[in-house]
Amino acid sequence: MSLDALFDPRSVAVVGASADPAKWGYWLASGALAGRSRRTVHLVNQRGGNLDGVPFLPDLGSLATVPEQVVVAVPPPQVRPVVVQGLAAGARCFTVITSGGSGPQEERELAALVTSHGGRLLGPNCMGVVDTTTELRLSWGDFPAGGVGLVSQSGNLALEIGRLLARAGQGFSRFVSLGNQRDIDAADALDALIAHEATRVVAAYVEDFRDGRRLARTLAAAHAAGKPVLLLTLGRSEASGRAAASHTGALVSARAVVDAVCRDTGAILLESAGELVDTAVLLAARHGLGQRRTRGRGQGQGQGQGQGQEQGQEQEQEQGQGQEQGQGRASRLGPGRAVPAGAAGGAPAAPEAARVAVVGDSGGQGALAADALVARGLDVPVLDGATRAAVAAHLPGRGGCGNPVDLAGAGEADLRNYARITRALLDGGDTDATVLTGYFGDYATANPAQTREECEVAEELAEAAGRTGRLLVVHTMARDTPALAVLREHGVPVYERIEQAATALAHAARFERATPYAPPERVPSPSPSPSPSPPPSSSRPVADGGYESVRTLLRSHGLDFPTAEFVGTADEAADAARRTGYPLVLKAMGLAHKTEAGGVALGIADETALRAAFARMRDATGATRYAVEEMAVHPHSVELIAGVRYDPAFGPVAVVGLGGVTAELLADTALALAPLTPGRARELLLSLRHAPLLTGWRGAPAVDLDAAADALCALARAASEHPELTELEVNPLLVHPGGAVALDAHGVMT
């Protein structure tokens, strides 16, 4: 159902309206009245009164027309009666500010009541809704207008983000406070922001992911639509998990799972409100470069008439130099081309790294800026010869026209050199963005006589970025000066710390590079097996999570295990060994960490050694069942850990990493929603930090990555088909040049 009635209702009724600024009802009512030129506004309070000359009516039944949206700000016991009265009056959209009852069950019943009548409910326990493009302000606090759409389960966090956006010259297109999400949830609200033309960047703070797969599909759809989604969540600490539980009763998904989902869908997972705003400002600038290009060209022509013939001719020449590259190009931060290592040093940047030019009036600040950019995965390349020549034309003899570019006093000699040199870098076309770092923006603080000229240079900088379609980012030691106001008015991102600028650029580059995966919904068909008669897949529930049961399950899905028999006595073990052959492995069953407990004996060469190992193991573990298993010996093998864990919001999540007894120590893992395709499984393997061990380290042959990927797919498919298992793990999975074999496995039952 469309959310038009939520964001742009033809009429609104605020129930619980008040004339007292200390009460929520006042802010909701005054906000609603601010949109009277666009919609009919009704104020309801059974005690009577008025606000700004608008009388309070006693109840919804007294309204002359049906309200399209009803805002409910009454004590909890009155919420349901108000909703019932609204439904009877014909209303179909409800924003419930207060809690909807005495607990979750009453809130769910309230939502069911609304949806059964074909309506929608926002909340309960929410802060309302704002749409600055439709003059809708049904909330408390200041919401500056801009291009950022925000969905949040925290009202105060939204206010903090709003204030930070305002300081950066940005604001909200829409704001949706989710509250307890009894009907309208994060995916619903995000879908509406993706479709909203005025929303350039989507931001979200989510504690409870509900239907995580549906949300993941929404995130992927946002990337496909060119709308960046910036996500904040919690769960990095045990304390934040406790806070969420006490805040909205949310069930927090593991941070690593959310991180994997964001990576796979093209969303950007961030750590703070400040980082979100820094990134949103830059991404909004990237989105708006086309509009600024048109506007900036017009302004540049107007101001050029007042700046002298010499500058006009110079500007015309430099525009001609870069016009071919700038025309028709949208702002893009990658993927870039492979280039030599930049002036910042280090190994050559990866081919997909976004390329950034740095220009500053301080050699130290320029060098630190380059280091900050490179440390975040960006490239500071050597500039092309033509670009270096264009820059050098405006530098004094000692200036550096490499990258970073050191103005070496050129800015103090003539403020317009900031624009000339930055324009040369933007026009050059051999970088995707330019960072201007240092003192610019602060000249008028020390010398107010320079205010006009500094503002004119700021206009020129913005015009150059708009005309070329390439990002210009300014890092300055100044704060809230007239020149910075000009830059912000034209959408140029301005930062007080270089690490803010570098981090925002890196996040924007990640968004550009991302290739989202559609979250899997169904189990894919198994890939053809080289075996002439593969064992049939079993869909019967697993009886337990022990090795014997899990091994049987995974073998039915095509996973390879060494030959084994399960026994209870030393004599049975000796009989089994005669069939298995030596050397072999003896394992005690029913232990989570067999090695530490003395439950594994490797390389047993004969029956005497087997009986001795059996006696020691029985005394150490008290186990009653054992596996006598063929000893798997494969040269150039690597041990992996592979598993699937059921996440309450996202369902089965596959994990692979370097394994064996060092799995926890190495902590080198990659995650993805299950089930997997062979191609996706292979990508996970190659994303590991220690992937070179798999592809041939120091002359060793590469392992069979296809066999390893097939094993991961089999494991993920088995877990997806068996919801009675909350965890399923193979550790180690031995991968080698000839294939992959599982050496141990276990599961955890629901």
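Starting from 1, residues in each chain are numbered consecutively following that chain's sequence as written. Where totals are concerned, whole chains, interfaces and linings use all residues; where local detail is concerned, this predicted model gives features only for residues with pLDDT of at least 70, and gives and counts side-chain atom pairs only at 80 or more. As a rule here, side-chain values come from all non-hydrogen atoms in the structure, and water together with hydrogens is ignored.

Summing up its helical and strand segments, the protein has 27 helices and 29 strands in all. Burial status follows relative accessibility: with a 1.4 Å probe on protein chains alone, a residue under 20% of its type maximum counts as buried, one over 50% as exposed, and anything between as partly exposed. Within the protein, the proportion of its 750 residues that are buried is 55%. Each accessible area is a Shrake-Rupley result for a 1.4 Å probe, and residues are judged covered by the shown protein chains and nothing else. Put simply, the protein shows about 30,600 Å² of open surface, and 51% of that area lies on carbon and sulfur atoms. Only DSSP runs of H or I covering at least 4 residues are called helices, and only runs of E covering at least 2 are called strands; the numbering of each starts at the N terminus.

Within a sheet, neighbouring strands are paired by backbone hydrogen bonds and run either parallel or antiparallel to one another. Pairing between two strands is assigned when DSSP locates at least 2 bridges connecting them. As summarised here, the arrangement of the 7 strands in space is S3-S4-S2-S1-S5-S6-S7, forming an open sheet in which the pairing is mixed. Looking at strand neighbours, the two that pair on one side only are strand S3 (50-51) and strand S7 (120-122), the edges of this open sheet. Strand direction decides the pairing type here: strand S5 (residues 69-72) and strand S6 (residues 93-96), joined by 3 bridges, are parallel. When the sheet's bridge partners are listed, Val70 is paired in S6 with Phe94. What makes two residues a contact is simply this: any of their non-hydrogen atoms within 4.5 Å. Axis lines are fitted through C-alpha atoms, for helices just across the contact stretch, and the angle between N-to-C directions can take any value from 0 to 180 degrees. Across the sheet, helix H3 (residues 76-89) touches strand S1 (11-15), S5 and S6, and the angle it forms with S6 is around 165 degrees.

This brings us to the sheet that holds strand S18 (residues 471-476). One open sheet holds the 5 strands; their spatial order is S16-S15-S17-S18-S19, and the pairing between them is parallel. In this open sheet, the two strands that pair with only one neighbour each are strand S16 (405-406) and strand S19 (494-495). Pairing of S18 with S19, which is carried by 2 bridges, proceeds in the parallel orientation. Residue pairing for S19: Val474 is matched across the bridge by Val494.

What follows concerns the side chain of Asp188. Considering the arrangement of structural elements, one finds Asp188 in helix H6 (residues 186-194). Given a relative accessible area of 14%, Asp188 falls into the buried group. At 3.0 Å, the side chain of Asp188 and the side chain of Arg120 are in polar contact. With sequence-adjacent residues up to four places away left out, Asp188 is seen in contact with Leu3, Arg120, Asp183 and Arg214. Here a polar contact is taken to be a pair of N or O atoms separated by no more than 3.5 Å, where protein atoms must pair a possible hydrogen donor with a possible acceptor and residues adjacent in sequence count only if both atoms sit in side chains.

Moving on to the pattern of salt bridges. The term salt bridge refers to a side-chain nitrogen of Lys or Arg lying within 4 Å of a carboxyl oxygen of Asp or Glu. This model, assessed by the stated rule, comprises 37 salt bridges. The partner of Glu107 in a salt bridge is Arg182, with the nearest N and O atoms 2.8 Å apart. On the criterion of sequence distance, the pair formed by Glu107 in helix H4 (residues 104-116) and Arg182 in the loop between strand S11 (172-177) and H6 is long-range, its members being 75 residues apart. An identical accessibility class is assigned to Glu107 and Arg182; each is buried. Here Glu512 ties to Arg286 by a salt bridge, and the two come within 2.6 Å at their closest N and O atoms. You can see Glu512 sitting in helix H20 (residues 498-513) and its partner Arg286 sitting in helix H10 (residues 273-287), a full 226 residues away along the chain. Taken individually, Glu512 and Arg286 each receive the classification buried, so the pair is uniform in this respect.

Only the six-membered ring of Trp is used, alongside the rings of Phe and Tyr, when aromatic pairs are assigned; centres must lie within 6.5 Å, and planes under 30 degrees apart are stacked while those over 60 apart are edge-to-face, with the rest tilted. Overall, the coordinates contain 11 aromatic pairs when judged by the stated rule. Both rings, one in Tyr439 and one in Tyr443, keep their centres 4.8 Å apart while their planes meet at 85 degrees; by these two values the pair is edge-to-face. Looking at Tyr439, the relative accessible area reads 25%, which means it is partly exposed. Every member of this aromatic cluster is reached through a ring pair, and the members are Tyr418, Tyr439, Phe440 and Tyr443. Sitting over the ring of Phe7, Arg174 keeps its end group 3.8 Å from the ring centre. Should the NZ of a Lys or the CZ of an Arg lie within 6 Å of a ring centre and within 35 degrees of the ring normal, that charge is described as sitting over the ring. Just above the ring of Tyr517 sits the side chain of Arg680; from NZ or CZ to the centre is 4.0 Å.

Once that is clear, we can look at the packing of helix H5 (residues 155-167) against H10. Viewed as axis vectors pointing N to C, H5 and H10 meet at an angle of 45 degrees, and their least axial separation amounts to 10 Å. As the angle between them shows, H5 and H10 are arranged oblique. Our pair here, H5 against H10, has a crossing hand that is right-handed. Contact residues: H5 offers Leu157, Glu160, Ile161, Leu164 and Leu165, while H10 offers Ala273, Gly274, Leu276, Val277 and Val281. Each residue is assigned to one of three groups, with Ala, Val, Leu, Ile, Met, Phe, Trp, Tyr, Cys and Pro labelled nonpolar, Asp, Glu, Lys and Arg labelled charged, and all others, Gly among them, labelled polar. Here the residues of the contact of H5 with H10 sort into 8 nonpolar, 1 polar and 1 charged. Working rule for angles: under 35 degrees goes down as roughly parallel, over 145 as roughly antiparallel, 65 to 115 as roughly perpendicular, anything else as oblique. Take the far helix as the reference: if the near one is turned anticlockwise from it by less than a right angle, the crossing is left-handed, and if turned clockwise, right-handed.

Within the element layout of this structure, Leu426 appears in helix H16 (residues 416-428). The sequence separation of Leu426 and Leu471 amounts to 45 residues, and the corresponding C-alpha distance is 8.2 Å. Those residues in contact with Leu426, other than ones at most four positions away along the chain, are Thr434, Ala464, Ala465, Thr468, Arg470 and Leu471.

This brings us to the packing of helix H22 (residues 570-580) against helix H23 (residues 607-621). In the contact formed by H22 and H23, the axes pass within 10 Å of each other and the chain directions differ by 145 degrees. In this structure, the crossing between H22 and H23 has a hand that is right-handed. Residues Ala570, Asp571, Ala573, Ala574, Ala577 and Arg578 of H22 pack against Glu607, Leu610, Arg611 and Phe614 of H23. Per-class residue counts for the contact of H22 with H23 are 6 nonpolar, no polar and 4 charged.

The step from Ala674 to Pro675 runs through a cis peptide bond, and the omega angle for that step is 0 degrees. Considering the arrangement of structural elements, one finds Pro675 in the loop between strand S26 (669-673) and helix H25 (678-686). Here the bond from Asn731 into Pro732 is cis, since omega is 5 degrees, no more than 30 degrees from zero. Residue position: Pro732 is located in strand S27 (residues 725-736). Positive phi, normally seen in glycine, also occurs at Arg210, with a value near 50 degrees.

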